[in-house]
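Understanding the architecture of this molecule
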Amino acid sequence: QVQLVESGGGLVQPGGSLRLSCSGPGRISGITVMAWYRQAPGKERELVARIAGGGVTDYADSVKGRFSISRDRTMTTTYLQMNNLKPEDTAVYYCLMKTPWRDYWGQGTLVTVSS
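Another aspect to go through is the nonpolar core. In this structure, Trp36, Val48, Phe67, Leu80, Met82, Tyr93 and Met97 are the most contacted members of the largest nonpolar core, which totals 28 residues. With 4 residues, the top contributor of residues to this core is strand β9 (residues 91-98). With sequence-adjacent residues up to four places away left out, Tyr93 is seen in contact with Glu6, Leu20, Trp36, Tyr37, Arg38, Val48, Phe67, Leu80, Met82, Gly108, Thr109 and Val111.

Set out below in structure tokens:
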């Protein structure tokens, strides 16, 4: 079973930056959307950012102007650049790659924003 792998999480002080990466074991055919979700303790998983096949991006209001989603040209890796991090950004971050046939998820990477 294909499993995406996220990396780049960790502990950072408020105002700091992190860059998350996500890739699969190989190229996944037919990807239409790459996205990042997050789930904070006691809360539901929420969409953070997504990038469609044409390069159009979409962000949650809470991260607009601070986070940036991108992908590599081969459509095998997606990145989430997170700047000016706040304590409320603390969560497990998951990546998603969608195809017309199924969704692929990663196992999550923990981001903790604390002084």
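In total, this model carries 1 aromatic pair according to the counting rule given. One residue, Arg45, lies across the ring of Tyr94, its end atom 3.8 Å from the ring centre.

Consecutive residues of a regular strand have side chains that alternate between opposite faces of the sheet. Judged by which residues are buried, strand β11 (residues 109-113) turns out to be one-sided: Thr109, Val111 and Val113 face inward and are buried, whereas Leu110 and Thr112, on the alternate face, are not. As defined by bridge partners, strand β2 (residues 10-12) adjoins β11 across 3 bridges and the pair is classed as parallel. Paired with Val12 across the two strands is Val113, which belongs to β11. The pairing of β9 with β11 spans 3 bridges and is classified as antiparallel. For Tyr93, the partnering residue across the bridge sits in β11 and is Thr109.

The rules behind these values
- Residues numbered from 1 in each chain as written.
- Predicted model: local features only at pLDDT ≥ 70, side-chain atom pairs only at ≥ 80, totals over all residues.
- Heavy atoms only, no water.
- Core = buried A, V, L, I, M, F, W, Y, C linked by side-chain atoms within 4.5 Å.
- Buried < 20%, exposed > 50% of the residue type's maximum accessible area, 1.4 Å probe, protein only.
- Helix = DSSP H or I, 4+ residues; strand = E, 2+ residues; numbered from the N terminus.
- Contact = heavy atoms within 4.5 Å.
- Phe/Tyr/Trp six-rings, centres within 6.5 Å; stacked < 30°, edge-to-face > 60°.
- Lys NZ or Arg CZ within 6 Å of the ring centre and 35° of its normal.
- Pairing = 2+ DSSP bridges.

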